[in-house]
Amino acid sequence: MSAAAMGSTNQTGRTKIGIRMLGTGMSVPPRVMTNQDLAKLVDTSDDWISQRTGIRERRVAAPGVTVRHLAVEAARQAVQNAGIDPKQLDMLILATTRPEMVCPSTAARVVAEIGASPAGALDVNAVCSGFVYALNVGASMIQSGAMRTVAVLGADVMSAFLDWKDRGTCILFGDGAAGVILTASDDPEQGCLRQTMGSDGNQWQHLYCPRSAQDIPPNDTIFSGAFETMQMNGREIYRFAVATLQGEIDRALDAMGLKPSDLAMIISHQSNSRIMESARQRLGLPPEKLYINIDRYGNTSSASVPICLHELWQAGRLKAGDLVLFVALGGGLTWASSLWRI
Ligand code: ACO
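Residues numbered from 1 in each chain as written. Predicted model: local features only at pLDDT ≥ 70, side-chain atom pairs only at ≥ 80, totals over all residues. Heavy atoms only, no water.

1. So, the overall build of the protein chain
Stated precisely, the cut-off is as follows: Per the convention used, a helix needs a DSSP run of H or I reaching at least four residues, while a strand needs a run of E reaching at least two, with both numbered from the N terminus. The quantity called the radius of gyration is restricted to C-alpha atoms. Its globule counterpart is 2.2 Å times the number of residues to the power 0.38. For every residue, the accessible area obtained with a 1.4 Å probe (protein chains only) is divided by the maximum for its type, and the residue is called buried under 20%, exposed over 50%, and partly exposed between those limits. By the convention used here, residues are in contact when the closest approach between their heavy atoms is within 4.5 Å. Positive residues here are Lys and Arg, negative ones are Asp and Glu, while His and the chain termini are left out of the count. Lys charges are placed at NZ, Arg charges at CZ, Asp charges at CG and Glu charges at CD.
Helices and strands together make up the secondary structure of the protein chain, namely ten helices and 13 strands. For the protein chain, the C-alpha radius of gyration of 19 Å lies close to 20 Å, the compact-globule estimate for 342 residues. Seen along its three principal axes, the alpha-carbon backbone of the protein chain occupies a region of about 60 × 45 × 40 Å. When burial is assessed residue by residue, the protein chain has 54% of its 342 residues classed as buried. Put simply, 73% of the contacts in the protein chain that link residues at least 6 apart link residues at least 24 apart. Treating the 31 positive side-chain charges of the protein chain as one cloud and the 32 negative ones as another, the clouds have centres 2 Å apart.

This is the structure:
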């Protein structure tokens, strides 16, 4: 069906195309690493980690398992749950903090391995904001009429670039992948209603992964000494995360003339349960309206938002017509939001 036949026409004369989520998929490594396991590696405790972050355990990939392996499994499941043939995909967008290689893109190999060639393939890196960036890009491709069916995935194997001697960072992250299949809908009111993507590269030095000495910022106070591992100023990131999460939610509600109670669900990047809880309480929302699973997976970076989406979808907690706000923030520094009518 042509784009023009699928949507109504807006005041500018341009065809409005809706978007439907067809199905989701998810893949996490089988190995569970608990806080008690971590306390055997670094000077920490289950109490400290769970009270400060909400994390109780995370999944850790076996040596040799890469972001591609997890992404392929999540993509296959999403295609199957969507009930489509992989050849129906026009594009696959993979958000990841660290692709398998610089060349080729990981997305290109995922497309080939799930049997979706010759679909387009695109890696997106906005660190923990990556999936919401990718969701916005995929939605725009469909709304423009350029693409009809797009897979959007988030996948990260954070354990491969953590300093396992640095208790400030290694306790926070986990590995995983998940994604969703989007397709053009004949209901123009369904899909992405509003999107934002932002960055402040002046604050990059609060979260970075240096390759060599030239990447260490001047006057750095946080570098642990291990290259190719995540370096983080936890207090600065915490401050940024609290302000940005709340600000993005407020701006989305204001722009659309909505009350917090109009939202059926907020699906937030899982950085710290205290950050999410403070946003939820300030909005006066009940716990079931801001999904939290950081206790089971830790911070899976690009994968955290789609893992939440997949679990909610599988549990039947998202209904047609629901207003759902996706929101994320991360290294860069970056942030993004995406308001959807499901
Ligand atoms: N176990 C025990 N003690 C620890 C640990 C640990 N794992 N890590 C740090 N400490 C100690 C510190 O050394 C410090 O000790 P001191 O007082 O003797 O100096 C004390 O605990 C307090 O340290 P802070 O860094 O001030 O602890 P804070 O309350 O800020 O919590 C945390 C740290 C959990 C990292 C918090 O800052 C945070 O969540 N920040 C956001 C980080 C984040 O989300 N990063 C993810 C990537 S970006 C993103 O997803 C948005």
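2. Points about the site of the ligand
Put simply, the test is: The rule for a residue being near a molecule or strand is that one of its heavy atoms must lie within 4 Å of it. Nitrogen and oxygen atoms within 3.5 Å of one another constitute a polar contact, given that in protein one can donate a hydrogen and the other can accept it, and given that sequence-neighbouring residues count only through two side-chain atoms. Residue-level accessible areas treat just the shown protein chains as cover; the underlying method is Shrake-Rupley with a 1.4 Å probe. The method works on a 1 Å grid over the protein atoms by themselves. A cavity is a set of points holding a 1.4 Å probe that cannot get out, a pocket is an open set with protein on both sides within 12 Å along at least five of seven lines, and residues with an atom within 4 Å of a point line them. The rule for placing a molecule in a cavity or pocket is simple: more than half of its atoms must lie within 2 Å of the grid points. Three classes are used: nonpolar for Ala, Val, Leu, Ile, Met, Phe, Trp, Tyr, Cys and Pro, charged for Asp, Glu, Lys and Arg, and polar for all others, with Gly counted as polar. Boundaries of every domain are those given by an automatic assignment or by a domain database.
Near the ligand there are 23 residues, and of these T44, R52, R235, H269 and N272 occur at the shortest range. Within the side chain of W48, a nitrogen or oxygen atom sits 3.4 Å from a nitrogen atom of the ligand. In this structure, a nitrogen atom belonging to the ligand sits 3.0 Å away from a main-chain N or O atom of G234. When isolated, the ligand has an accessible area of 1,000 Å², and the protein chains bury 75% of it. The site holding the ligand turns out to be the largest pocket. Breaking the shell around the ligand down by element, the ones donating at least two residues are helix 3 (46–53), helix 7 (234–256) and strand 12 (323–330). Residues of the shell around the ligand, tallied by class, amount to ten nonpolar, eight polar and five charged. In terms of domain composition, the shell around the ligand takes at least three residues from each of domain 1 (18–185) and domain 2 (191–341).

3. Observations regarding the confidence of the model for the protein chain
To keep things clear, this is the line we draw: You can read pLDDT as the predictor saying how much it trusts each residue, on a scale of 0 to 100.
Per-residue confidence for the protein chain gives a mean pLDDT of 95, with 96% of residues at or over 70. With pLDDT under 50 throughout, residues 1–10 is counted as low confidence; its partners more than four residues away or in other chains account for 20 contacts.

4. Structural notes on the domain arrangement of the protein chain
So the rule is basically this: Here the buried area means the combined drop in accessible surface, using a 1.4 Å probe, for two parts upon being joined, counting both sides.
Here the domain parsing of the protein chain yields domain 1 (18–185) and domain 2 (191–341). Placing the centre of domain 1 and that of domain 2 at their C-alpha centroids yields a distance of 15 Å. With 56 residues of domain 1 at the contact, the number on the domain 2 side is 48 residues. In total, domain 1 and domain 2 occlude about 4,000 Å² of area from one another, counting both sides; carbon and sulfur atoms represent 63% of this.

5. A word on the sheet that holds strand 1 (residues 18–27)
The test is simple: At least two bridges found by DSSP between two strands are what make those strands a pair. Orientation is described by axes fitted as lines to C-alpha atoms, over the contacting stretch for helices, and by angles from 0 to 180 degrees between their N-to-C directions.
The five strands lie next to each other as 1-7-6-4-5, forming an open sheet whose pairing is mixed. A single partner strand is all that each edge strand has here, and the edge strands are strand 1 and strand 5 (120–124). Sheet twist, expressed as the mean angle between neighbouring strand axes with direction ignored, is 20°. Alignment of strand 4 (residues 91–95) against strand 6 (residues 149–157), held across five bridges, turns out to be parallel. What sits directly across from A95, in strand 6, is G154.

6. Some thoughts on the environment of S199
As for its placement among the helices and strands, S199 is situated in strand 8 (residues 191–199). Given a relative accessible area of 52%, S199 falls into the exposed group. For S199 and G64, which are 135 residues apart along the polypeptide, the C-alpha to C-alpha distance reads 33 Å. Aside from chain neighbours lying at most four places away, what touches S199 is Y133, L333, T334 and W335.

7. As for the pattern of salt bridges
For clarity, the threshold we go by: Salt bridges, as used here, are contacts in which a Lys or Arg side-chain nitrogen is within 4 Å of a carboxyl oxygen on Asp or Glu.
Across all of its chains, the model carries 15 salt bridges by this definition. With its nearest N and O atoms 2.9 Å apart, the salt bridge here joins R68 to E100. Placement of R68 in helix 4 (residues 67–82) and of E100 in the loop between strand 4 and helix 5 (106–113) is noted, with a sequence separation of 32 residues between them. On the basis of relative accessible area, R68 is assigned to the buried category, the value being 11%. Accessibility expressed as a relative area gives 23% for E100, which makes it partly exposed. Here R280 and E277 are joined by a salt bridge, their closest N and O atoms 2.7 Å apart. A residue pair is termed a helical-turn pair when its members lie 3 or 4 positions apart in one helix, as R280 and E277 do in helix 8 (residues 273–283) at three residues. The exposure class of R280 is buried, given its relative accessible area of 10%.

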